[in-house]
Structure formats: structure tokens, C-alpha cells
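Single-letter residue listing:
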Amino acid sequence: MKRFCAVLAGLLLLFGFVTAFSWAGEEAFGGVGLQVVPTINGDLVILNVLQDTPAASKGMLPGDLIFQVDDFPLQGSEFGKVVSEHLWGPVGSTVELYYRRPGIAGVNKVVLQRTSIEPHLTVTPSVKGGVPDNKGSQ
């Protein structure tokens, strides 16, 4: 069951659903605009940074390796727990990410404010009537 939850959380992140939602009248939760996947040791690799999001405005890039969220080191952690308990949070709250950038020595730190992010999925190219449509679809 834990594995299923981790895979489900991964799929939601992979498709850009780091988004705001409400749970039965509770405060809205949001994200920072990152699509990530876990490494074998628990760190997170950024696959994509959504445009016009807190992560994009602070210069986060695909390939960056996040190894700590706030005071929580990711090594040995469960992906689903990291996402639900550390990356997502109340809209307006902040999260501190520690990361390394390939090819650049040292540790980077960024503080991001969680925001409501509209989920979207773009698939390119699409197929219409059995023929590839290079315009893409949403």
C-alpha cells in the first residue's frame, strides 16, 4: 500500500498537479511549481519548472537536485511523504529548499512561497484520426 501511495503521489507530481486544493472546509494547500522524481536514495530531481510559479521566479532549473526541504533531509525518505508533508502546504506559507546544481560546486538555498497552481497537462504531439498532429493538445 505504501508503494502504491508513493507511485500515485509521483504520478500526480509528474503531471504537474502540485496544486491547490481544499479538504472538506480546511485551508487551501498549494505548491511551488516543480515537477520532480525521486532518486534511489530519496533526493528529488527537478524534471520541469512550471512557468509563472514561485520556483520559476527564483531560478530553479530542471536537473537541480533537492536534498533537503526545510529542516527535513530527504535521504532515505519516502517520496509520497515528502510530497504530502513537506512540499505541499498551506497557500501563502513558505518552504526552504536546499539543492545542488549539476556543474556548479556548492549548495544552494531558496525560500519559496506556496501558491495555488492550476493543474494542466500538455501532450505533444497528439494523434488525431490516426495521424500525428504536431500542433499538440491540452
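Residues numbered from 1 in each chain as written. Predicted model: local features only at pLDDT ≥ 70, side-chain atom pairs only at ≥ 80, totals over all residues. Heavy atoms only, no water.

### Let's talk about the pattern of salt bridges
Where charged atoms from two side chains of opposite charge come close, those side chains can pair.
Reasoning step 1: By the definition in use, this model includes 2 salt bridges.
Reasoning step 2: The partner of R101 in a salt bridge is D64, with the nearest N and O atoms 2.7 Å apart. Taken as a pair, R101 in strand β7 (residues 94–101) and D64 in the loop between α2 (54–57) and β4 (65–69) lie far apart in primary sequence, 37 residues in all.
Reasoning step 3: On the accessibility criterion, D64 (0% relative accessible area) is buried.
Reasoning step 4: Measuring nitrogen to oxygen at the nearest pair gives 3.4 Å for the salt bridge that ties K109 to E96. (Salt bridge = Lys/Arg side-chain N within 4 Å of Asp/Glu carboxyl O. Helix = DSSP H or I, 4+ residues; strand = E, 2+ residues; numbered from the N terminus. Buried < 20%, exposed > 50% of the residue type's maximum accessible area, 1.4 Å probe, protein only.)

### Regarding the confidence of the model for the protein chain
Reasoning step 1: Of all residues in the protein chain, 66% have pLDDT values of 70 or greater, and the mean over the chain is 77.
Reasoning step 2: Counting contacts from residues 4–25, a segment whose pLDDT is below 50, to residues more than four positions away or on other chains yields 47 contacts.
Reasoning step 3: Within the model, the stretch residues 121–127 combines pLDDT values under 50 with 17 contacts to residues more than four positions away or in other chains. (pLDDT = per-residue confidence, 0-100. Contact = heavy atoms within 4.5 Å.)

### Quick notes on the pairing of β4
Reasoning step 1: Bridge count between strand β3 (residues 44–49) and β4: 2 bridges; the pairing is antiparallel. By the bridge assignment for β4, L44 is matched with I66.
Reasoning step 2: Taken together, the 4 bridges between β4 and β7 define a ladder with antiparallel strand orientation. Following the sheet pairing, I66 is matched in β7 by Y99.
Reasoning step 3: Bridge count between β4 and strand β5 (residues 72–73): 2 bridges; the pairing is antiparallel. Considered in β5, the bridge of V69 is made with F72.
Reasoning step 4: Between β4 and β5, which follow one another and run antiparallel, lie 2 residues, and D70 among them has a positive phi close to 55 degrees. (Pairing = 2+ DSSP bridges.)

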